[in-house]
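Listed below are the residues making up each chain.
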Amino acid sequence: MICTTHFSQHACKLLSCKLFAKSARLTCCVKHSTFETLLSEENKLRTQQLLKDPTLYKQVPLNSGRSYAAILVPLCTVKGEPSLLYTLRSTRLTKHKGQVSFPGGNVDEKDPDIVFTALRETQEELGIHPSRFEIWGRMRPLPTGSSHKIVEPVVARLTGGDLDVSKLRLSPDEVEEAFTVSLKHLCNSANIGATRFRSDTSKPYTTPVFLGAPHRIWGFTAIVTHILLTFLAPDLYKFKVVHKKAVHHRHRHQASRGKIENDS
Amino acid sequence: MATRLISRVARLRGQRFTKISRRSLCSGKQGEGDVTSISLAEKLPGLPAAKYAQATSHSYDTHVTTLDNGLRIASENKFGQFCTVGVLLNSGSRYESAYPSGIIHFMEKLSFGSTPSWEDKDKILQALEKVGGICDCQGSRDTLVYAASARTNGLDVVMKILSDAMLRPTFPDDQMDDTRQAILFEIEAMHMDPNPEMLLMEMIHKAAYSNNSLGLPRICPEENVSVITRDHLYTYMREHHTPDNAVIAGVGIEHDKLVSLAQRYFIDDKRPVWLPEGEQWSAGAGPPKCTSQYTGGIVQVEKDLSNVSLGPTPMPELAHIVFGLESCSHKDPDFIAFCVLNMMLGGGGSFSAGGPGKGMYTRLYLNVLNRYVWIESATAYNHAYDDSGLFCIHASAHPSKIRQP
């Protein structure tokens, strides 16, 4: 299971980069959808196109020393409303304890592919059998800064009717709690904020944050949620991550008395 | 003595007080009427009826007006000859992410400086002195306050000065250089100070909110002192000194008068100095809202403070630890609970228990300082902001004792 909160400029450039403009063009021909139709066959096929599009798929070059991980982005229905399933990492874990994440984990040598890893980890953590998932596709792999791990999100839909979170068998060593958040809540701009990070070691970046859910969804998980929503519900999810560039002014030694020169 | 006093008071009021003997109110006397056996909830028998002062029937309400461009004006009148007016802005070190940190520190030092109407700070202070007034500017992590207090008849001057300070400072080069020097001195003093509270608060915020909003330094970092220029200040002001970001609050004045003066000096008369000709001072797109993100973390600094004592007695060599957790914002329903927790934990230095009322029965004193002698101080703090809060406990002890459980 992976949840990382420190990013290199890579992951965060993805949010505001031109690749999204292309996806916007692809989705502009979608009919006006409602929350009920988001998990319909029609929307699924349209979303799958975006997930497979190789031009949207920035291949991260394989470097030795980088390890791989997979996370599962589980779309489900809770009380009839399309939702996403999140986990709260246990405090017994060594990394990112107590933080919100999607189910997932490191790629094992024996795993045939990324999708298998994601499903295997989900079964270990939440007790959901892989056969219950209908795989929609994979999102582009995203690098995470501090641990140099490449994480690939796998989008899947949990079939078999409504999900009752209380009936899941959670692994107590890895998962403290599992909770769902409806897509309607996530698309509501009153619940979405943005945080601008600035550090000495990397370029500044801005990430979204989703509030009002049982737990705050921030960091890497928020980025993946944001990307998914732009694919899945482009006309319902309108939030744009605005990154403010650093303000620079040259130090002028000539005094300009009273005159103000603005560079914007 | 009590009986003598009561008899004297009774005589002054023209009452005869023969029934009470001198000793009837003494606790030593036996028999009925023993004063200590009467409950504190009842009146003592035989005393004259007390006349209580009446609360004035006049109550002062708070009035709030919002102008067209978003500027909010609030006031509450009160009895007295003095008034206090302030402009409060949603501006502070937490909004400096895209700027070199330290702009608020600069603005605090340069406040009430040169403007088109007044040549320098001395002239402003002189103008205020004529109406018996003072002014001050305070910047914090999330608010910037320009305030002035003067006699009520000097409200006009006060509003003019406040509007100039907020919207029309000129920041001449010599004042900028003086400010840079002053900030460098302040940084040096902060590092040399045996009481490192300011430094520790910076560090705990940096650890709690790594690299974002509330974790950004409130004191200008040394490397930014020479980087920040007048243009930085104007760009920042253009973004943050907007009418929807500001509240004008006043106490001791009539609301209508305050509104009309605000309209005159903040909007009608002159424009902010960074706006080009023809533009109105209005709410812009505003700065992008930045939600603070509690990340948790640790920041540590190793320092040799063994030479800072000024006199012959060496200062205790102390290691300081601040331990904090996220609390809630001041808008949250749990905010009061955190304040109560802060009061109950209390604490302070082990040498200054103060006495009753100064917190000597708080938990940190009773359970920590009184039991473990090697702890020099333990204090609880609760910082609450708009969207988050930080509750922390600061403790200090000799470095060799740090590892003790």
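Residues numbered from 1 in each chain as written. Chains lettered and ligands numbered in written order. Predicted model: local features only at pLDDT ≥ 70, side-chain atom pairs only at ≥ 80, totals over all residues. Heavy atoms only, no water.

Looking at an unreviewed UniProt entry, one finds chain B named Mitochondrial-processing peptidase subunit alpha and attributed to Plakobranchus ocellatus. Taken from UniProt, the Function (unreviewed entry) comment for chain B reads in full: "Substrate recognition and binding subunit of the essential mitochondrial processing protease (MPP), which cleaves the mitochondrial sequence off newly imported precursors proteins." According to the UniProt record, the Subcellular location (unreviewed entry) comment for chain B is "Mitochondrion matrix". (UniProt positions renumbered as here; feature names shortened; annotations may be inferred.)

Labelled according to an unreviewed UniProt entry, chain A appears under the name Nucleoside diphosphate-linked moiety x motif 8, originating from Plakobranchus ocellatus.

Draft legend 1. Region of interest: the overall build of chain A. Helix and strand content of chain A: six helices and ten strands. Every one of the 264 residues in chain A was classed for burial, and the buried ones make up 53%. Of all intrachain contacts in chain A linking residues separated by at least 6 positions in sequence, the fraction that spans at least 24 positions is 69%. Within the structure as shown, chain A displays about 13100 Å² of accessible surface, and the carbon and sulfur contribution to it stands at 52%. (Helix = DSSP H or I, 4+ residues; strand = E, 2+ residues; numbered from the N terminus. Buried < 20%, exposed > 50% of the residue type's maximum accessible area, 1.4 Å probe, protein only. Contact = heavy atoms within 4.5 Å. Areas by Shrake-Rupley, 256 points an atom, 1.4 Å probe, with all protein chains shown as cover.)

Draft legend 2. Geometry of the sheet that holds strand S2 (residues 72–76) of chain B. Residue and element names in this part refer to chain B. Here six strands make up an open sheet; going across it, the order is S1-S2-S6-S3-S5-S4 and the pairing mixed. Every other strand in the sheet has two partners, leaving strand S1 (62–66) and strand S4 (134–139) as the edge strands with one partner each. Each neighbouring strand pair of the sheet contributes to a mean axis angle of 15 degrees, computed without reference to strand direction. Packed onto the sheet, helix H8 (residues 255–268) meets S1, S2, strand S3 (82–89) and strand S6 (246–251) and runs at close to 145 degrees relative to S2. (Pairing = 2+ DSSP bridges. Axes fitted to C-alpha atoms, helices over the stretch in contact; angles between N-to-C directions.)

Draft legend 3. Structural view of the environment of Phe220(A). All names here are of chain A. Within the secondary structure, Phe220 sits in helix H6 (residues 219–232). By relative accessible area, which is 1% here, Phe220 ends up buried. The spacing of Phe220 and Val209 is eleven residues in sequence and 9.8 Å in space, taken between C-alpha atoms.

Draft legend 4. Structural context of the UniProt feature "domain: Peptidase M16 N-terminal" (unreviewed entry) in chain B. Following the UniProt record, one finds the feature "domain: Peptidase M16 N-terminal" (unreviewed entry) at residues 72–222 of chain B. Taken end to end, residues 72–222 of chain B has its terminal C-alpha atoms 36 Å apart, with 42% of it in helix and 18% in strand.

Draft legend 5. Main features of the interface of chain B and chain A. Contact residues are listed per partner, giving 35 residues for chain B and 27 residues for chain A. Between chain B and chain A the total buried area reaches about 2500 Å² when both faces are included, carbon and sulfur atoms providing 48% of it. Summed over the three residues of chain B that lose the most area to chain A, namely Ala98(B), Asp231(B) and Gln293(B), the buried surface amounts to 22% of that side. Taken together, the connections running from chain B to chain A amount to one salt bridge. Measuring nitrogen to oxygen at the nearest pair gives 3.1 Å for the salt bridge that ties Lys244(A) to Glu239(B). Summed over the shared surface of chain B and chain A, the number is eleven residue pairs in polar contact (both at pLDDT 80 or more). (Buried area = accessible area lost by both parts, 1.4 Å probe. Salt bridge = Lys/Arg side-chain N within 4 Å of Asp/Glu carboxyl O. Polar contact = N/O pair within 3.5 Å; in protein donor to acceptor, adjacent residues only side chain to side chain.)

Draft legend 6. Representation of the domain arrangement of chain B. Residue and element names in this part refer to chain B. Per the domain assignment, the segments of chain B are domain 1 (62–268) and domain 2 (319–401). Each of domain 1 and domain 2 has a C-alpha centre, and the two are 30 Å apart. With 13 residues of domain 1 in contact, the opposing surface of domain 2 contributes 13 residues. Of the roughly 1100 Å² buried where domain 1 meets domain 2, counting both sides, 68% is carbon and sulfur surface. When the buried surface of domain 1 facing domain 2 is broken down by residue, Leu200, Met201 and Ile204 rank first, second and third, together holding 38% of it. Inspection of the region where domain 1 meets domain 2 yields one salt bridge. In this structure, Arg94 engages Asp387 in a salt bridge whose closest nitrogen and oxygen atoms are separated by 3.0 Å. A class-by-class count of the residues in the side of domain 1 that touches domain 2 yields eight nonpolar, one polar and four charged. (Domains from an automatic or database assignment. Nonpolar A, V, L, I, M, F, W, Y, C, P; charged D, E, K, R; others polar.)

Draft legend 7. Geometry of the pattern of salt bridges. By the definition in use, this model includes 19 salt bridges over all chains. Salt-bridge contacts for Glu124(A) lead to Arg120(A); the nearest nitrogen and oxygen are separated by 3.1 Å. Residue Glu124(A) and its partner Arg120(A) are both found in helix H4 (residues 114–126); the two are separated by four residues, about one turn of the helix. We note a salt bridge from Arg264(B) to Asp156(B), for which the minimum N-O separation is 3.8 Å. Of this pair, Arg264(B) sits in helix H8 while Asp156(B) sits in helix H4 (residues 155–167), and the two are 108 residues apart along the sequence. Overall, the relative accessible area of 31% leaves Asp156(B) in the partly exposed class. Taken together, the shared-partner salt bridges connect Asp111(A), Arg120(A), Glu121(A) and Glu124(A) into one network.

Draft legend 8. Broad picture of the sheet that holds strand S9 (residues 375–384) of chain B. Residues and elements named next belong to chain B. The strand order across the open sheet formed by four strands is S7-S10-S9-S8, and the pairing between neighbours is antiparallel. The outermost strands of the open sheet, each flanked by one partner alone, are strand S7 (319–327) and strand S8 (347–349). Going from strand to strand, the sheet's axes swing by 25 degrees on average, the running direction of each strand aside. Of the pairings in the sheet, the one linking S7 to strand S10 (residues 389–397) comprises nine bridges and is antiparallel in character. Within the sheet, the bridge partner assigned to Gly324 lies in S10 and is Cys392. Here helix H6 (residues 197–208) sits on the sheet and contacts S7, S9 and S10; the angle it forms with S10, its principal contact strand, is near 130 degrees. The sheet strands contacting helix H9 (residues 335–345) are S7, S8, S9 and S10, and the helix crosses S9 at an angle near 165 degrees.

Draft legend 9. Expanded view of a nonpolar patch on the surface. A cluster of nonpolar residues, Ile321(B), Phe323(B) and Leu325(B), forms a patch on the protein surface that exposes about 310 Å² of accessible area. Here Phe323(B) lies in strand S7. (Patch = residues over 30% accessible without salt bridge, like charges linked within 9 Å, V, L, I, M, F, W, Y side chains within 5 Å.)

Draft legend 10. Broad picture of the nonpolar core. In terms of nonpolar packing, the biggest core is built from 65 residues, with Tyr146(B), Met159(B), Ile248(B) and Phe266(B) touching the most fellow members. Looking at this core, the element that brings in the most residues is H4(B), giving eight residues. In this structure Ile248(B) touches Leu71(B), Arg72(B), Ile73(B), Ala74(B), Val85(B), Gly86(B), Val87(B), Met159(B), Leu258(B), Ala262(B) and Phe266(B), once residues within four positions along its chain are discounted. Core analysis: the second largest hydrophobic core is formed by 43 residues, Ile71(A), Val151(A), Ile227(A) and Leu236(A) among them. (Core = buried A, V, L, I, M, F, W, Y, C linked by side-chain atoms within 4.5 Å.)

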